[in-house]
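One letter stands for each residue in the lines below.
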Amino acid sequence: MSTSTRLDSEPRPSEQIQRKVIPWKVTADLKLHKAENPWESSVRTGVHSCAKPENDPEQVKTQVVFKLFRGILNRVTPEKLDILVNQVTELDIDTKERLSGVVELTFEKAISEPSFSGVYAKMCQSLKMLTVHTPDGLKVTFNRLLLLRCQKEFEKDKDDNEILKKKQEELEAASGDQEKKQLTEELEEIKYKAKRESVSNLKFLGELYKLKMLTDGIACDCITKLLKDNDEVSLECLCTLVSAIGKQLELGIRKTCLDECFDQMKQIVTVKSTSNRICFMLQDVLELRLNKWVPRHKDQGPKTIGEIRKEANLEGQRFNQQPHRRDNRWFNQQPDRRDNQRFNQQPDRRDNQRFNQQPDRRDNQRFNQQPDRRDNREFNQQSDGRDNRQLNQQSDRQKGQQFNQQPDRQVGRWYQHHSTFNSTKPSLTEEQLEKKSSAIIKEYLNINDMKEALQCVQELKSTQLLFLFVRKGLEYTLDRNATTRERMGLLLHQLIKSGILPPEQYCKGLQGIIEETEDLAIDIPKIWLYLSELLTPMLLEGGIPMGVLFREISKPLIPLGTAGVLLVHILNGLCKAMSREKAGIMWKEAGLRWKDFLPEDEDVHKFVTEKNVEFTLGKETKESQKKKLSSAEQKKELDTLIQDKADNHTIADWIENNLDEQQTSSNTFIRTLTTCICQSTIISDENYYIVDHDLMRQRATLLKKYLHDEEKQLQALSALQVLMVQMDHPSQLLRMFFDCLYDFDVITIRTYYKWELNKDPGKQQGKDVALQSVTNFFAWLHDLKAANR
């Protein structure tokens, strides 16, 4: 028999086994065993649990929102933060329940990842204005819920103490060794978890304070409470908090609070009333302040991919430059000094050579030759005879040349008088400065820290290349929102005012943008309005004079016939910061004339009338022609503007245009303005009233404009007293207003004392209750005064 026949005749393994089928019928209902305490998802048992049934579409939608938000939180990095924040705003967060859940998830993530607390704080800053309305019509904001959650975490000492006390009693009552060991481990775990959460919470609070989401008063209250507790965990939290916010707090108005804190810390270290570990931590904080808040070790927080690559390249360069010798002692000691010198010196020499050879010539050629090319183009058009506008173009160009030649002497003399030009070679190349400029501008626009931005620009030490910083800032903010453009304009104004940015560098950077407006207008139709928002702050005190700035920016625009359009927008923006009469005086003192900026065939009177800038001709409406508005009418108009979310400039502009000087200086107007602004900052949350600190900080600028003396400030406090009577004296509301007005430099300490001692019979209604509600505030003022003495 062949092999193939044998294999084919044998049955397969599956055929050799005879399968049996056993019939089985279920005669009773099967029930699974259910535990007494079954596991459930944290989504249902945590802070997001709802009383509604699971099949409720709103509940399902809420869980979807939480799921998407968790996914966003898991992808948060410094580079993707802006993109992820936009994704959060697109979620359906339209109820208080969903907003509270989002806040809770954010807080838990920040506490569980303290090294990322700075990134999560920036995310909270971007989401702080996220608002929902309850069915009762109350407004609930992300910022308010976040602060309440942080406060709850900060004040949960009682709950933790009760849990620890209960666990300690169980440990003492335990009899077996195994049980005692298990309870001891559980107790230590609870202590460690509570300590970790407390320290992480304080670090997160510190990051929020850096971004100005917490006031100085809240920060001082936290420091005072931690010092009062005086246990190891509280002192460790104190070190974390003071290390994070000490620099900003010392520069603020609550420096006395910091001084008292450091006095007590010194006493603790001297007496050694706590463990050595905590004493060393306190000593580190004391030395940090003596070192002007410069830490010995850089905070190793999250880094961008670009920063990681940069560090890797530096490490690689250092490794490649080190000589590989067998003598370990020489290898470990010598190369560091010599290689560092070579590493620090060589790039400077190469970069300086490149800077001296190329950029100046290229930039100067472009800066000087562009108008010539345009003039040649116009000359060719004229010689061809194909355009009937030849004579107008020629006359405009001739007038522009005459205009440029005549006032240049004034501009040159002003530059010579105000120039701070530094002849030293820049320490950075153009490419390096552009990268650093982008980082400085983005950080400033994100946190709005003017002092930090000024210091960063000064540390560039490249005065000859600062025109690149100006150009980068204008390009980055030109097509963004009005607030961003205003902030950029204010930064450039402060750089000029402080002498960090030479005026000629500002004009050189601005010139590059002005020359491209003809092309930019195609993509940005409102470019003249946007440019005016960037340029208007420069006309404030300490900036560039109006005559110098207007003549400089008009040079490339006069041949195009667009100079007048830009100047009109700048003047209209300037009138929001000051009266139209004052703007007209500035125009007159600068010796400016409209015919120097407009085409020759343009009717000056018609142009000025249509553009509503008659004040430049001295024909502005007189104060006596303004209407006399009653107190009720003033309040109605102001309430309308505030409800429409008008900015301070718009409100001040309405006041200047509709009320004369006698009305704006009257006590009635001061009380009306104070009442309207304070009412708009009150947030009601289930019969509990609080003050919106961010909105109050914004409106404080408007109040300070009119509360310029103690009498006006006293009228404002009287208006607050009447408002509290009308609201039936809500708990702690007057104290919150007093704190805000003091923190934002609206009311002076002297005025508070005058209000306290005022015995005017006509102003005693509700005075006793008001005084009682601010007792702690005046006690704090007395302590502050005594400390200053």
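So, how was this worked out
Within each chain, residues carry numbers counting from 1 in the order of the written sequence. This being a predicted model, a pLDDT of at least 70 is required before a residue's local features are given, and a value of 80 or more before pairs of side-chain atoms are given or counted; all residues contribute to the totals for chains, interfaces and linings. In computing side-chain properties, one takes all heavy atoms of the structure into account and sets aside hydrogens as well as water. A run of DSSP states H or I qualifies as a helix once it reaches four residues; a run of E qualifies as a strand once it reaches two. Both are numbered from the N-terminal end. The rule is simple: take the accessible area with a 1.4 Å probe, protein chains only, and divide by the maximum for that residue type; under 20% is buried, over 50% is exposed, in between is partly exposed. Note on areas: Shrake-Rupley with a 1.4 Å probe; residue coverage comes only from the protein chains shown. Stacked, tilted and edge-to-face are the three classes assigned to paired rings of Phe, Tyr and Trp, where Trp is represented by its six-membered ring and a pair needs centres within 6.5 Å; plane angles under 30 degrees give stacked, over 60 edge-to-face, the rest tilted. In our convention, an over-ring charge means Lys NZ or Arg CZ found within 6 Å of a ring centre and within 35 degrees of that ring's normal. Here a cavity is any set of points on a 1 Å grid over the protein atoms alone where a 1.4 Å probe fits but cannot get out, and a pocket is any open set with protein on both sides within 12 Å along at least 5 of 7 lines; a residue lines the site when it has an atom within 4 Å of a point. Grid points are joined across faces, edges and corners, and a volume is the space filled by probe spheres set on the points. Charged means Asp, Glu, Lys or Arg here, nonpolar means Ala, Val, Leu, Ile, Met, Phe, Trp, Tyr, Cys or Pro, and polar covers whatever is left, Gly included. Note on geometry: axes are lines fitted to C-alpha atoms, helical ones only across the stretch in contact, with angles between N-to-C directions running from 0 to 180 degrees. For classification, angles of less than 35 degrees are called roughly parallel, those exceeding 145 degrees roughly antiparallel, those between 65 and 115 degrees roughly perpendicular, and all remaining angles oblique. Helix crossings are classified by the rotation of the near helix relative to the far one: an anticlockwise turn of less than a right angle makes the crossing left-handed, while a clockwise turn makes it right-handed. Contact criterion: two residues are considered in contact whenever any of their non-hydrogen atoms come within 4.5 Å of each other. Distance thresholds for patches are 9 Å for like charges and 5 Å for nonpolar side chains (Val, Leu, Ile, Met, Phe, Trp, Tyr), applied to residues having over 30% relative accessible area and no salt bridge. For salt bridges, the criterion is a side-chain nitrogen of Lys or Arg within 4 Å of an Asp or Glu carboxyl oxygen. Under the counting rule used here, the positive set is Lys and Arg, the negative set is Asp and Glu, and His together with the chain ends is not counted. Note on charges: their place is set at NZ of Lys, CZ of Arg, CG of Asp or CD of Glu. In this description, a nonpolar core means a group of buried Ala, Val, Leu, Ile, Met, Phe, Trp, Tyr and Cys residues linked to one another through side-chain atoms lying within 4.5 Å. Residue-level confidence of the predictor, termed pLDDT, takes values from 0 up to 100.

Engineer: Tell me about the overall build of the chain, residues and numbers included.
Structural biologist: Tallying secondary structure elements over the chain gives 40 helices and four strands in all. Put simply, the chain has 789 residues, and 42% of those count as buried. A total accessible area of about 46,500 Å² is found for the chain, and carbon and sulfur atoms account for 48% of it.

Engineer: Pulling in residues and values, what's your account of the packing of aromatic side chains?
Structural biologist: For the coordinates displayed, the defined rule picks out 18 aromatic pairs. With a centroid separation of 6.2 Å and an interplanar angle of 70 degrees, the aromatic rings of Phe-107 and Phe-204 are classed as edge-to-face. Separated by 97 residues along the polypeptide, Phe-107 in helix H6 (residues 96-112) and Phe-204 in helix H10 (residues 177-210) bring together distant segments of the chain. Each member of the pair, Phe-107 as well as Phe-204, is classed as buried. The rings of Phe-738, Tyr-742, Tyr-752, Tyr-753, Trp-755, Phe-777, Phe-778 and Trp-780 are connected pair by pair, giving a single aromatic cluster. Geometry around Phe-154 places Lys-225 over its ring, the cationic atom sitting 5.2 Å from the centre. Directly above the aromatic system of Phe-467 lies the positively charged group of Lys-508, at a separation of 4.2 Å from the ring centroid.

Engineer: Describe in detail empty space enclosed by the protein, supporting the description with residues and values.
Structural biologist: Under the definition given, this model contains three cavities of 30 Å³ or more. Considered as a void within the structure, the largest cavity measures approximately 50 Å³ in volume. Taken together, Ile-440, Glu-443, Tyr-444, Ile-447, Asp-449, Glu-452, Ala-453 and Cys-456 make up the lining of the largest cavity. Of all elements in the fold, only helix H20 (430-447) and helix H21 (450-458) reach the threshold of two or more residues within the lining of the largest cavity. Its residues placed into classes, the lining of the largest cavity shows five nonpolar, no polar and three charged. Estimates place the volume of the second largest cavity at around 40 Å³. If you go around the second largest cavity, the residues you meet are Leu-205, Tyr-209, Leu-214, Ile-218, Ala-219, Cys-222, Leu-241 and Ile-245. Residues of the lining of the second largest cavity, tallied by class, amount to eight nonpolar, no polar and no charged.

Engineer: Tell me about the packing of H6 against helix H8 (residues 142-154), residues and numbers included.
Structural biologist: Running from N to C, H6 and H8 point in directions that differ by 50 degrees, and their axes come no closer than 10 Å. Our classification of the angle between H6 and H8 gives oblique. Helix-helix and strand crossings are classified by hand; for H6 and H8 the assignment is right-handed. Judged by residue contacts, Leu-99, Ser-100, Val-102, Val-103, Glu-104, Thr-106 and Phe-107 of H6 engage Phe-142, Leu-145, Leu-146, Arg-149, Cys-150 and Glu-153 from H8. Considering only residue class, the contact of H6 with H8 consists of eight nonpolar, two polar and three charged.

Engineer: Describe a negative patch on the surface, with residues and values.
Structural biologist: Negative charge collects at one region of the surface, where Glu-434, Glu-475, Glu-516, Glu-518, Asp-519 and Asp-523 lie side by side. Element by element, the count of residues in the negative patch is highest for helix H25 (residues 517-523), at three residues. Turning to its location among the elements, Glu-518 is positioned in helix H25.

Engineer: Kindly report on the nonpolar core, identifying the contributing residues and their values.
Structural biologist: Counting 72 residues, the largest nonpolar core has Met-123, Phe-204 and Leu-208 as its most contacted members. For this core, the element with the most residues is helix H12 (residues 232-251), which contributes nine residues.

Engineer: Describe the pattern of salt bridges, with residues and values.
Structural biologist: The full count for this structure, using the stated rule, is 23 salt bridges. The partner of Glu-236 in a salt bridge is Lys-195, and the shortest N-O contact between them spans 3.4 Å. Here Lys-195 lies in helix H10 and Glu-236 lies in helix H12, a separation of 41 residues in the sequence. Residue Lys-195 is classed as partly exposed on the basis of its relative accessible area of 25%. The partner of Glu-207 in a salt bridge is Lys-210, with the nearest N and O atoms 3.7 Å apart. With a gap of three residues between them, Glu-207 and Lys-210 both fall in helix H10, about one helical turn apart. On the accessibility criterion, Lys-210 (32% relative accessible area) is partly exposed. Connected via shared salt-bridge partners are Glu-58, Asp-94 and Arg-98.

Engineer: Tell me about helix H7 (residues 117-127), and please be specific about residues and values.
Structural biologist: Taking burial as the measure, the eleven residues of H7 include nine buried ones, the bulk of the element. Here H7 has its buried residues at Ser-117, Gly-118, Val-119, Tyr-120, Ala-121, Met-123, Cys-124, Gln-125 and Leu-127. Against the buried residues of H7 lie helix H4 (57-74), helix H5 (81-89), H6, H8, H10 and H20.

Engineer: Requested: an account of the side chain of Glu-153, with residues and values cited.
Structural biologist: Within the secondary structure, Glu-153 sits in helix H8. Residue Glu-153 is classed as buried on the basis of its relative accessible area of 9%. In this structure Glu-153 touches Phe-107, Glu-197 and Asn-201, once residues within four positions along its chain are discounted.

Engineer: Give me the lowdown on the packing of H5 against H7, citing residues and values where you can.
Structural biologist: In contact at an axis separation of 10 Å, H5 and H7 are set at 45 degrees when each is read in the N-to-C sense. Classified by the interaxial angle, the pair formed by H5 and H7 is oblique. Handedness of the crossing formed by H5 with H7: right-handed. Residues Leu-81, Val-85, Val-88 and Thr-89 of H5 form the contact with H7, whose own contacting residues are Val-119, Lys-122, Met-123, Ser-126 and Leu-127. When grouped by side-chain class, the residues that make up the contact of H5 with H7 number six nonpolar, two polar and one charged.

Engineer: Which residues make up the confidence of the model for the chain, and what values go with them?
Structural biologist: Predicted confidence across the chain gives a mean pLDDT of 77, with 77% of residues reaching 70 or more. This stretch, residues 323-409, has a pLDDT under 50; its non-local contacts, to residues over four places away or in other chains, come to 80 contacts.

Engineer: Describe the layout of surface pockets, and please don't skip the residues or the numbers.
Structural biologist: In this model, the second largest pocket occupies a volume close to 1,600 Å³. Gly-217, Ile-218, Asp-221, Arg-735 and Asp-739 are, among the 49 residues lining the second largest pocket, the residues nearest its centre. Secondary structure elements with two or more residues in the lining of the second largest pocket: H8, helix H11 (216-229), helix H13 (255-271), strand E4 (689-691), helix H35 (693-706), helix H37 (733-743) and helix H40 (775-788). At ten residues, the largest contribution of residues to the lining of the second largest pocket is made by H11. Taken together, the residues of the lining of the second largest pocket sort by class into 23 nonpolar, eleven polar and 15 charged.

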